[in-house]
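Take a look at the letters that make up each chain.
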Amino acid sequence: MPKRKCVFTDKLKQKYPHFRKGRDDYEAECLVCKAGTFVSVAHKGASDLEYHMSSEKHKKALGGDSWSAKLTEFLGTPGTKAEDALAAADSTLPLHTIPSCNSYKSTGRTSDLFRKIFPDAEIAQKFSNTRSRTESLENSVLAQHAVSLDLKALEEHGIPFCGVAIDDSSHRALKMVPVLIQYYDYRNGGLKTKLLELQESPTEMDVSDSLVKALKKHRLLQKCVAFAGDNCNTMFGELRQDEEARTVLAKLKKSLQRETLIGVYCPAHILHNCIHHGADALEVDVENIILKIYQYFHIYAVRTEPLHEYCEFVEVEYKRLLSHSRTRWLSLFPGITKLLQMHSALKSFFLGQSNPPAVLKSFFEHEFGELYLWHMHSLMNAFHLHIEEMERENNSLVEVMKTLDSVHTILLDRRAQNFMSLTVKGMLSDKRKEGLEAGCDAFSDAVRRLYSNCIDYLEMWMASLQEFSCFAWMALSDTPSWSDVEACITYLIEKGIEIDDIRCFDQFNNLKKFVEASSDEEEFQHLLSHQKWTKYFLKAKAIECYSELLKIAQFFFAIPSHSVNMEWSTSFH
């Protein structure tokens, strides 16, 4: 009678964990040796396994396994205190890089640095927050969590309206499209602007699709009452509305099935382009001169060293020359300042060269070149101050329209007097003494054209914001009148927003008393408009005292005032 074969049983598997069942019940596969190493247990069972384990092949494989680090040594046990501490450390670095605006490159070798600085710290030795991990935590965890909190606040506080703002900027071969929403929540500080998404769009025509997709995804499409972007034709079309149907605004209206959607041109772009348009009246191309001089020196030490010597010779302190952003004409202001501070040294330098750039030689030989610089510096200083005021965080359209009106008034006053600074007038007087009467008259005419061009351009674009003039009373700088509020109610009704005017009248009287009582408070007058409204709503006793006024405020403060926030978002990315 033949002997019965032995099999690889569960008992043998427990006793010899380095083996598992083979191709049949009479074989075992060795997990230590090279894959596919099978040991027959049919004859002697456990003795066959012991014999294989004593072989040189197995011992050699087992020796290599003994010094190889186990994967489990690099992994924490989920739910333990050590694992929680490690997860907290991994999340802390992204939280530090976001407000500090640090690049992802700066975090690339952080884990190696921590291991060297803290060799005895267990968390530091296991810390793995590299560049890719930091980016993933920020984009996939922290950013999504922040967006979810904002959307949760919108739902919990019953915010009925929001505005959306986008800007498309080229990033290598892609269009980066940040999508921002704006809304008003008096329980949480007032006007809020939040980054909803940062999308990649390969073409200009996909911008509207990206926007609609984002709004649908976060269930904000029906709450959207206003759209803001830069002033390019892709967003709104030309002022003549020649190709309106193909614009982002037109497509958004179609998706919303709401023709009452408000389109807001960016007032910051209007001011930037205003002075650029006005400067075209001058004989001197200021922008080109600044760029040419900067490019001539910025990477050439062999040219910069002689300039230092010229500065010492004419007793002028050397200043590092500046360039500017081509999409922001007023960024030339610091560049013009530096150029004027070093004008005498630069003039001597270029006119002393044997073969200088023809454009720069022509400029420094121009009898009135320096005068044009000084006059543009004077005008751009006024624009620069108003731009800084306009681009403040959480400005509403009330503040923006006030800034545009201020610039318009300045330009009108300057044109009426053909204003020139005392520096320019003194230099002009010297030129007349030199017999350059014709040149001086031409300069004066150019100054007048500069003002006229700026005013014409500004008035043309300010007309697009006139529909919001009925909301001017919401600045609460003075005691409002009921007729002002009535105009607002009429505007909102035309947009499909129902306001109970009878109830609103009683609520208005309470607001009027509040404004009159606060008019003498200097602190109140320095608040932004949305902050004044927030102070009023928080002071009111019950929702019945301000329900209709709150609806007006929530609608108006949902309208984005400019697209600067989008550009910052794209630049940061």
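Residues numbered from 1 in each chain as written. Predicted model: local features only at pLDDT ≥ 70, side-chain atom pairs only at ≥ 80, totals over all residues. Heavy atoms only, no water.

J.: Tell me what's going on with the overall build of the protein chain, and back it up with residues and numbers.
T.: Counting secondary structure elements, the protein chain contains 26 helices and nine strands. Burial analysis of the protein chain (573 residues in total) assigns 45% to the buried set. Pairs at least 24 residues apart make up 67% of the contacts formed inside the protein chain by residues separated by at least 6 positions. Total accessible area on the protein chain stands at roughly 30,700 Å², and carbon and sulfur atoms take up 52% of it. (Helix = DSSP H or I, 4+ residues; strand = E, 2+ residues; numbered from the N terminus. Buried < 20%, exposed > 50% of the residue type's maximum accessible area, 1.4 Å probe, protein only. Contact = heavy atoms within 4.5 Å. Areas by Shrake-Rupley, 256 points an atom, 1.4 Å probe, with all protein chains shown as cover.)

J.: Give a detailed account of the pairing of strand S2 (residues 27–30), specifying residues and quantitative values.
T.: Residues Glu-27 and Glu-29 point to one face of S2 and Ala-28 and Cys-30 to the other, with burial holding for every one of them. Between strand S1 (residues 19–21) and S2, which pair antiparallel in sequence order, lie five residues. With three bridges joining them, S2 and strand S3 (residues 38–40) adopt antiparallel strand pairing. Residue pairing across strands places Glu-29 opposite Phe-38, the latter belonging to S3. (Pairing = 2+ DSSP bridges.)

J.: Explain helix H25 (residues 547–556) residue by residue, including any values.
T.: Across the ten residues of H25, nine count as buried, placing the element largely inside the fold. Of the positions making up H25, those classed as buried are Ser-547, Glu-548, Leu-549, Leu-550, Ile-552, Ala-553, Gln-554, Phe-555 and Phe-556.

J.: How would you sum up the sheet that holds S3? Please name residues and give values.
T.: Taken together, three strands build an open sheet; the order of strands is S1-S2-S3 and the sheet is antiparallel. The outermost strands of the open sheet, each flanked by one partner alone, are S1 and S3. Here the average twist between neighbouring strands, direction ignored, is 40°. Each of S1, S2 and S3 is contacted by helix H2 (residues 46–53), which is oriented at about 135° to S3, the strand it contacts most. (Axes fitted to C-alpha atoms, helices over the stretch in contact; angles between N-to-C directions.)

J.: Describe the side chain of Lys-431, listing the residues and the values that go with them.
T.: With respect to the helices, strands and loops of the structure, Lys-431 is situated in helix H19 (residues 422–433). By relative accessible area, Lys-431 is classed as buried at 14%. Excluding residues within four positions of it along the chain, Lys-431 makes contact with Glu-367, Phe-368, Leu-371, Leu-436 and Cys-440.

J.: Give a description of the packing of helix H11 (residues 267–279) against helix H18 (residues 397–417) that names residues and reports values.
T.: Where H11 meets H18, the closest approach of the two axes is 10 Å, and the angle between their N-to-C directions is 20°. Classed by the angle they form, the pair H11 and H18 counts as roughly parallel. The way H11 lies across H18 gives a crossing that is left-handed. Judged by residue contacts, Pro-267, Leu-271 and Cys-274 of H11 engage Val-400, Leu-404, Val-407 and Leu-411 from H18. (Parallel < 35°, antiparallel > 145°, perpendicular 65-115°, else oblique. Left-handed = near helix turned anticlockwise from the far one by under 90°.)

J.: How would you explain the pairing of strand S8 (residues 224–229) if you had to name every residue and give the values?
T.: Burial analysis of S8 places six of its six residues in the buried class, which makes it a mostly covered element. Summarising the sheet, strand S4 (residues 162–166) and S8 pair through four bridges and their orientation is parallel. The partner of Cys-162 across the bridge, within S8, is Cys-224. Summarising the sheet, S8 and strand S9 (residues 262–265) pair through four bridges and their orientation is parallel. Within the sheet, the bridge partner assigned to Ala-226 lies in S9 and is Ile-262.

J.: Quick one: what's the story with the confidence of the model for the protein chain, residue by residue and with numbers?
T.: Of all residues in the protein chain, 83% attain a pLDDT of 70 or more, and the chain-wide mean is 82. Considering only residues more than four positions removed or in separate chains, one finds that residues 71–75, a stretch of pLDDT under 50, has two contacts. (pLDDT = per-residue confidence, 0-100.)

J.: Residue-level account of the packing of aromatic side chains, with values.
T.: In this description, a pair of aromatic rings is defined by centroid distance and the angle of the planes. One pass over the full model with this rule turns up 29 aromatic pairs. Note on Phe-363 and Phe-364: the rings are 4.9 Å apart at their centroids and 70° apart in plane angle, and the pair reads as edge-to-face. Overall, the relative accessible area of 5% leaves Phe-363 in the buried class. Judged by its relative accessible area of 3%, Phe-364 is buried. Measuring from centroid to centroid gives 5.7 Å for Trp-473 and Trp-533, while their planes differ by 70°, and the two rings are edge-to-face. Residue Trp-473 is found in the loop between helix H20 (437–462) and helix H21 (482–494), and its partner Trp-533 is found in helix H24 (residues 529–539); the two are separated by 60 residues along the sequence. The pair formed by Trp-473 and Trp-533 is uniform in burial state, with each residue classed as buried. Its guanidinium or amino end placed over the ring of Phe-38, Arg-23 lies 4.2 Å from that ring's centre, counting from NZ or CZ. (Phe/Tyr/Trp six-rings, centres within 6.5 Å; stacked < 30°, edge-to-face > 60°. Lys NZ or Arg CZ within 6 Å of the ring centre and 35° of its normal.)

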